Amino acid sequence: MPETARTPCLVATLPAEPTQFDLELAYVQRGAEIVACDARRDLAVRTHDSEHADEAAWLKAQRPSLWRRLIGADR
């Protein structure tokens, strides 16, 4: 699995004595950070899945079918 998919999402934190503005700003920042992180992780997972699907298809194409082996057509 790509490292991007394993990396936890980091979100904004509040200062020691937050004001109402700090709370509202953190709420907006966290939302944006979560959306961006989720998009990065989703892309990493889909890329990983696609790579493995390509490998599986390639391996399948490399193996002669049972029928071809039985009739000796691959010799």
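Residues numbered from 1 in each chain as written. Predicted model: local features only at pLDDT ≥ 70, side-chain atom pairs only at ≥ 80, totals over all residues. Heavy atoms only, no water.

### Notes on the overall build of the chain
Under the convention used in this document: Runs of E in the DSSP output that reach at least two residues are strands. Runs of H or I that reach at least four are helices, and both are numbered from the N terminus. Whether a residue is buried, partly exposed or exposed follows from its accessible area with a 1.4 Å probe, protein chains only, as a fraction of its type maximum: under 20%, in between, or over 50%, in that order. Working definition of accessibility: Shrake-Rupley area with a 1.4 Å probe, residue cover restricted to the visible protein chains.
From N to C terminus, the chain includes three helices and zero strands. Within the chain, buried positions represent 8% of all 75 residues. Carbon and sulfur atoms make up 59% of the accessible area of the chain, which totals about 6400 Å².

### A closer look at the state of the cysteines
Quick note on the threshold: When two cysteine sulfur atoms lie within 2.5 Å, the pair is treated as a disulfide.
With the rule as written, the count across this model stands at one disulfide. Covalent S-S linkage joins Cys-9 and Cys-37, the inter-sulfur distance amounting to 1.7 Å. Across the S-S bond linking Cys-9 and Cys-37, the dihedral sits near -85 degrees, which makes this disulfide left-handed. Highlighted residues: Cys-9 in the loop between helix H1 (3-6) and helix H2 (20-62) and Cys-37 in helix H2, separated in sequence by 28 residues.

### What about the pattern of salt bridges?
Applied cut-off: Throughout this description, the term salt bridge denotes a Lys or Arg side-chain nitrogen within 4 Å of a carboxyl oxygen of Asp or Glu.
Inspection of every chain in the model, using the stated rule, returns one salt bridge. Between Arg-46 and Asp-42 there is a salt bridge, with its nearest N and O atoms 2.9 Å apart. Here the residue Arg-46 and the residue Asp-42 both occupy positions in helix H2, the gap between them amounting to four residues, near one helical turn. Judged by relative accessible area, which is 47%, Arg-46 ranks as partly exposed.

### Let's talk about the confidence of the model for the chain
Should pLDDT be low for a region, the predicted coordinates there are not to be read in detail. We apply this condition: The quantity called pLDDT is the predictor's confidence in a given residue, expressed from 0 to 100.
A residue-level look at the chain finds 81% of positions with pLDDT of 70 or above and a mean pLDDT of 83. The weakest mean pLDDT in the chain belongs to helix H3 (residues 66-71) at 63; the strongest belongs to H2 at 89.

### Observations regarding the environment of Arg-30
Within the secondary structure layout, Arg-30 lies in helix H2. Sequence spacing of Arg-30 and Val-11 is 19 residues, and the spatial spacing of their C-alpha atoms is 5.3 Å.

### A few points about the environment of Pro-8
Tracing the backbone through its elements, the reader meets Pro-8 in the loop between H1 and H2. Residue class for Pro-8 comes out exposed when judged on its relative accessible area of 56%. With 29 residues separating them along the chain, Pro-8 and Cys-37 place their C-alpha atoms 8.3 Å apart.

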